[in-house]
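Understanding the architecture of this molecule
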Amino acid sequence: MNFPHLNSYTYFWTLLAVILPVTIHLLNKRRFKTIKWAATSFLFEASRSSNKKRKIKHWIILALRTLAVACLILLVARPHTSSDLLSSDSGKLDTVIVLLDRSPSMELTDPHTGLKKREAAIRIAQENLNALDSVRLVLIDSTSYSPQIIPKKQSLMDTQRTGPSDPEANIPQLLESALDYLEANATGNTEIWLLSDLQDSAWETTNPLWSEIQQELTRNNSQCTLKVIPFSESSAQALRSEVLHVTRQAKTIQIDAAVYQDASSTLEECVLEFNIDGREYNLTVPLNGTRTQFQKVFQVGDEAGYGSMLSKSTVGDSRPQYFTYDRSSPIQIALVAEDDESASYLQRATSISTSFQVESKRYDPNALLPFGTASFIVWQAPLPLEPEAQAFRDYLSSGGVMLCLPPSSEPQSSLAGHTWGKVLSAPDNVEFVISQWDRKSGPLRDGNDGVAVPVDKLRMIQRRNLSHDSTVVAAWDDGSPALTRHLFGAGELYFLNTLPNYYWSSLGDGDVLLPLVQRLISTSKMVYGTPTFMVVGDSETLEKMQLHPFKRILPVNEDTGNNDPIEYRTGVFEHNGDYLAINGDPREIDSIYLSMQEVNQLLPRAEYSDAELSESPSPIWKTFAYLTILILLGEAALSTPFSKSRQPQAT
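What you are looking at is a predicted structure, and each value in this text was computed from that prediction instead of being measured.

Here the focus is the pattern of salt bridges. This structure, assessed with the given rule, holds 17 salt bridges. Note that Asp197 is salt-bridged to Lys117, the shortest N-O span being 3.3 Å. Taken together, the positions of Asp197 in the loop between β4 (190-196) and α6 (200-203) and Lys117 in helix α4 (residues 117-130) put the pair 80 residues apart, joining distant regions of the chain. For Asp197, a relative accessible area of 0% corresponds to the buried category. The buried category is assigned to Lys117, whose relative accessible area is 0%. The closest approach of N and O atoms between Arg219 and Glu216, which form a salt bridge, is 2.7 Å. Of this pair, Arg219 and Glu216 both sit in helix α7 (residues 209-219), three residues apart, which is roughly one turn of that helix. According to the relative accessible area criterion, Arg219 is exposed, its value standing at 53%. Its relative accessible area of 26% is what places Glu216 among the partly exposed residues. Via salt bridges that share partners, Glu107, Lys116, Arg118 and Glu119 belong to a single interconnected network.

As structure tokens, then:
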């Protein structure tokens, strides 16, 4: 039991008030003076037995009055029962270090209390701290990772560093900060309270810091105890949304997004609110399974802009997703071809577009390509040698798309494990055709109207096969691959094993080459030039925010209680016409939590409990209120004189 409204000294002195009824009783006894009178002495003998009963009654009344005063004091103190999970059984505590996980997942509602997990964690910690006398309180939160000494009279709820926060937590870094504080300060007998929801991404189980943390905890075992307080249970995140990427196409932007829902969810649709340069739009998305991906096109101007997407569902994660897009500019395409006839057809295919502006430029195979600005690379030459090949791998890893066609000269190198073989020719008077291809997805998929790309019209008499197995997008009628795809980082690497040269195939007719090239251009994640968004709290984000005085323009009129510095906030930021979108860590979307067995493997010396920690303390002061009323009623009943009227008897 603890008394949040009275400290220990006030409570001690107020309890002395229980002697007031006794004092008044003794003073009242002095008001009467005994005078002996012979005429009435026989009456005392007659009433001696009734006097004994009256004294017992008076003592009962005195006890009830004393109890009533004590209950009134307890009622004013408003005591609560608190959990013993955080109480120390290792002697007097000198220091308590509270490690608070403030990641967005801690803002989900706890099913036991109806509170957010972060609020429930703070309340339990505060109630247990109130029961400790003369203890130094140190707070380390998952945003600043720096120790803050909390004054004795200040509540954790009143501290700015316990409010909601946007960055993902890093539990190993939290523990490392606590152990660094222990080493740098004389903390005496210390307990570390780790309050977290055990989200897998925040605990980073593969982080090499865990071995060092275990060693430090073992070394400080005599003066330090670690207690893990889990808050992993929460209401299901029934709905979550994510912007995957944004593509700028002339005066439109195409938003690729996804909506996630739990398998137990019964939602059939959700409403998303888009904010595009200050204009709001609503979109109803039919849900299909646990992940629904969709595209939405918006009309925009020529300049750069920004936007956000917010789920209007009453359940799940309601955090907005922010994004930006570049000003309208032609998409840069780099064409490398050693065969002039092939180069002519490829130049036409890469220069024509009905969806966006393109600018195709041919380069010599030995020239330095514009990897930083090119959205699409067509390569018809021997594959690049080292160290130049590293630039191609970096380009692909960052989201670029590359189409490789067989070289005219004999190849001498490989790229991502792919090597061209020798030229193979069809038998005389025989032409190979494509008999099967992926019509549901990929660059040869059917159109939105259901019309198929005329891939089966393509005729081939020469080709070069690949020595590496990749995903087959299309195959010749003899079963050998015609077009393959290899995922490389965030990018895609395609190999087409014939040329738009009439000594090789009919690819130059354009029926297949044009839709193939146009769709590969549109799938490049480098189309929009700059990243759609950055991750809050990431080192790259912090470095960029510190370079210029950015101003936060989205969200507007936000009131979430988040008091972190601007560089640790999500939203859209502007500086001299340049926009920067910062979102939460995408790993927060995953509802994966560690089990207590997994936590015990990481922290074998920690004390923890899987009890219902999120229950708020029981307000037993209400019991004292009812008890006080009953005691006063009993005292009133005993103090009220009841006399029996006697009827006169006839003589």
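A cluster of nonpolar side chains, Tyr626, Ile629, Leu630 and Leu633, forms an exposed patch at the surface whose accessible area comes to about 480 Å². Summarising the element assignment, Tyr626 is placed in helix α13 (residues 621-639). Residue Tyr626 is classed as exposed on the basis of its relative accessible area of 59%.

So, on to the side chain of Ser165. Mapped onto the elements, Ser165 comes out in the loop between β3 (148-150) and α5 (171-184). The class of Ser165 is buried, set by a relative accessible area of 3%. For Ser165, the side chain forms a polar contact with the side chain of Thr143, separated by 2.5 Å. Only 2.8 Å separates the side chain of Ser165 from the side chain of Asp564, close enough to count as a polar contact. Discounting residues that sit within four places of it in the chain, Ser165 has contacts with Arg102, Ser103, Pro104, Thr143, Asn562 and Asp564.

Quick notes on the rules
In every chain, residue numbers begin from 1 and rise along the written sequence. Restriction of local features to residues with pLDDT of at least 70 applies here, the model being predicted, together with a cutoff of 80 or more for giving and counting side-chain atom pairs; totals for whole chains, interfaces and linings are based on all residues. Side-chain numbers come from the whole structure's heavy atoms, not from hydrogens or water. Salt-bridge detection follows one rule: a side-chain nitrogen of Lys or Arg within 4 Å of a carboxyl oxygen of Asp or Glu. The secondary structure listing takes helices from DSSP runs of H or I that are at least 4 residues long and strands from runs of E that are at least 2 residues long, numbered from the N terminus. With a 1.4 Å probe rolled over the protein chains alone, any residue whose accessible area is under 20% of its type maximum counts as buried; one over 50% counts as exposed, and the rest are partly exposed. Surface patches are defined over residues having more than 30% relative accessible area and no salt bridge, joining like charges when they lie within 9 Å and nonpolar side chains (Val, Leu, Ile, Met, Phe, Trp, Tyr) when within 5 Å. All accessibility values rest on the Shrake-Rupley procedure with a 1.4 Å probe; residue burial counts only the protein chains present in the view. Here a polar contact is taken to be a pair of N or O atoms separated by no more than 3.5 Å, where protein atoms must pair a possible hydrogen donor with a possible acceptor and residues adjacent in sequence count only if both atoms sit in side chains. Contact criterion: two residues are considered in contact whenever any of their non-hydrogen atoms come within 4.5 Å of each other.

The analysis is restricted to geometry; functional conclusions fall outside its scope.
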